[in-house]
Every structure is written in C-alpha cells, then in structure tokens.
Amino acid sequence: MLLTSGDFTAGHFNTMTVGWGSLGVMWRRPFVQVVVRPTRYTYEFMEQYDTFTLSAFPEAFHQALQLLGTKSGRDGDKIAEAGLTPIASTLVPAPGFAEADLIVECRKIYWQDMEPAQFLDPAIENHYAKKDYHRIYFGQVVAINGAEAYA
C-alpha cells in the first residue's frame, strides 16, 4: 500500500510504500496503524498534517510501488516517475491515487515512538541498525473508497 500525507489542493504531499501496519478497532473506532521512520521524507508530512490515506493497487503496479518505497520525494517527483495520478480524497486533504483499487482515508488519533527497551524479542533490534526507530500512528478510518472486490 501507499501511505500518503499532505494536502492535495495545496500540492504539498508525499507518499511512501508501506508493508508494516494493521487494521482493526480501537476505542470503538475503526482504525489503521502505520509506522514511519523519522528518516523518511513522509515523516515530515505525517508530523505536519492531521490526515493520511492508504492506497492499495492491483499487481500491475508492483514496480511503481517498489520505486515509491526506495526513492525519496526530497530528490524529485517520484510520483510522476512511477506513473501514478494523485486525486482528491472524499473527506481528507491527503490525496489518493486514480490507479488504486482501494483508498482508506484516515484522521490521526494517536502516535507513539517505538521504545527499544520494550522489545521483548532481542531479534527485533536487527531491524534498526541505524537506531532509527519507527513512530507509530493510529488513524481513525473516516472513509473507504474502492473496487467491489473489497466490499
């Protein structure tokens, strides 16, 4: 999926591929949980804006998602390079993508930094050679738009 934060109308947003996270219910609200390292350009957008989207794509867009997960938006227009079309969301300023099969619109309701002292399995530390521990964001799902396959 692509995690996108920012403001579509202002033309100020960034996206990154995410593979870690969860969906569920918390505080009697539907939510998603995503994690972003502070070294990622998208982190700046997640800190500045109150909303984000998660967009899922058909398999044909695997290469585009690979590119968006490895290149930084600091270095150029990686979204255009990936051949994707940002579109306005229905309820939040953060955009989705025209090519997506599913767009989940979210409003941030909680965040917390991962604390390495709380890792119960020492092997988890192997994911943090640079000590750049993720920030965890909970987003309340406020809208879902997508293909019938997700209904």
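Described in the following lines is the structure provided in the data block. Just so it is clear, the structure is predicted and the values come from calculations on it, not from any experiment.

## So, the sheet that holds strand 8 (residues 102-113)
Next, step 1: Read across the sheet, 7 strands follow the order 2-1-5-8-9-4-3 without closing on themselves; strand pairing throughout is antiparallel. Lying at the two open borders of the sheet, with one neighbouring strand each, are strand 2 (12-17) and strand 3 (21-26). Averaged over neighbouring strand pairs, the angle between their axes works out to 30 degrees when direction is ignored.
Next, step 2: Lying over the sheet, helix 2 (residues 62-70) contacts strand 1 (2-7) and strand 2, oriented at roughly 110 degrees with respect to strand 2.

## Brief notes about the pairing of strand 8
Next, step 1: Where strand 5 (residues 51-56) and strand 8 come together, 6 bridges link them in antiparallel fashion. Residue pairing across strands places Thr51 opposite Arg107, the latter belonging to strand 8.
Next, step 2: Of the strand pairs in this sheet, strand 8 and strand 9 (residues 135-146) are connected by 11 bridges, and their pairing is antiparallel. Residue pairing for strand 9: Trp111 is matched across the bridge by Tyr137.

## Some words on unusual backbone geometry
Next, step 1: Of note in this structure, Trp27 is not a glycine but carries a positive phi near 55 degrees.
Next, step 2: Looking at the secondary structure, you find Trp27 in the loop between strand 3 and strand 4 (29-36).
Next, step 3: Not every positive phi belongs to a glycine, and Arg28 is a case in point at roughly 60 degrees.
Next, step 4: Relative to the helices and strands, Arg28 is located in the loop between strand 3 and strand 4.

## Some details on the pattern of salt bridges
Next, step 1: Summed over all chains, the structure comprises 6 salt bridges.
Next, step 2: With a shortest N-O distance of 2.5 Å, Arg135 and Asp113 are connected by a salt bridge. Of the two residues, Arg135 is situated in strand 9 and Asp113 in strand 8; the sequence distance between them amounts to 22 residues.
Next, step 3: Across the pair Glu125 and Lys131 runs a salt bridge, and its minimum N-O distance is 3.0 Å.
Next, step 4: Residue class for Glu125 comes out partly exposed when judged on its relative accessible area of 23%.
Next, step 5: A network of salt bridges, in which partner residues are shared, links Glu47, Asp113 and Arg135.

Cut-offs used in this document
- Residues numbered from 1 in each chain as written.
- Predicted model: local features only at pLDDT ≥ 70, side-chain atom pairs only at ≥ 80, totals over all residues.
- Heavy atoms only, no water.
- Pairing = 2+ DSSP bridges.
- Helix = DSSP H or I, 4+ residues; strand = E, 2+ residues; numbered from the N terminus.
- Axes fitted to C-alpha atoms, helices over the stretch in contact; angles between N-to-C directions.
- Contact = heavy atoms within 4.5 Å.
- Salt bridge = Lys/Arg side-chain N within 4 Å of Asp/Glu carboxyl O.
- Buried < 20%, exposed > 50% of the residue type's maximum accessible area, 1.4 Å probe, protein only.

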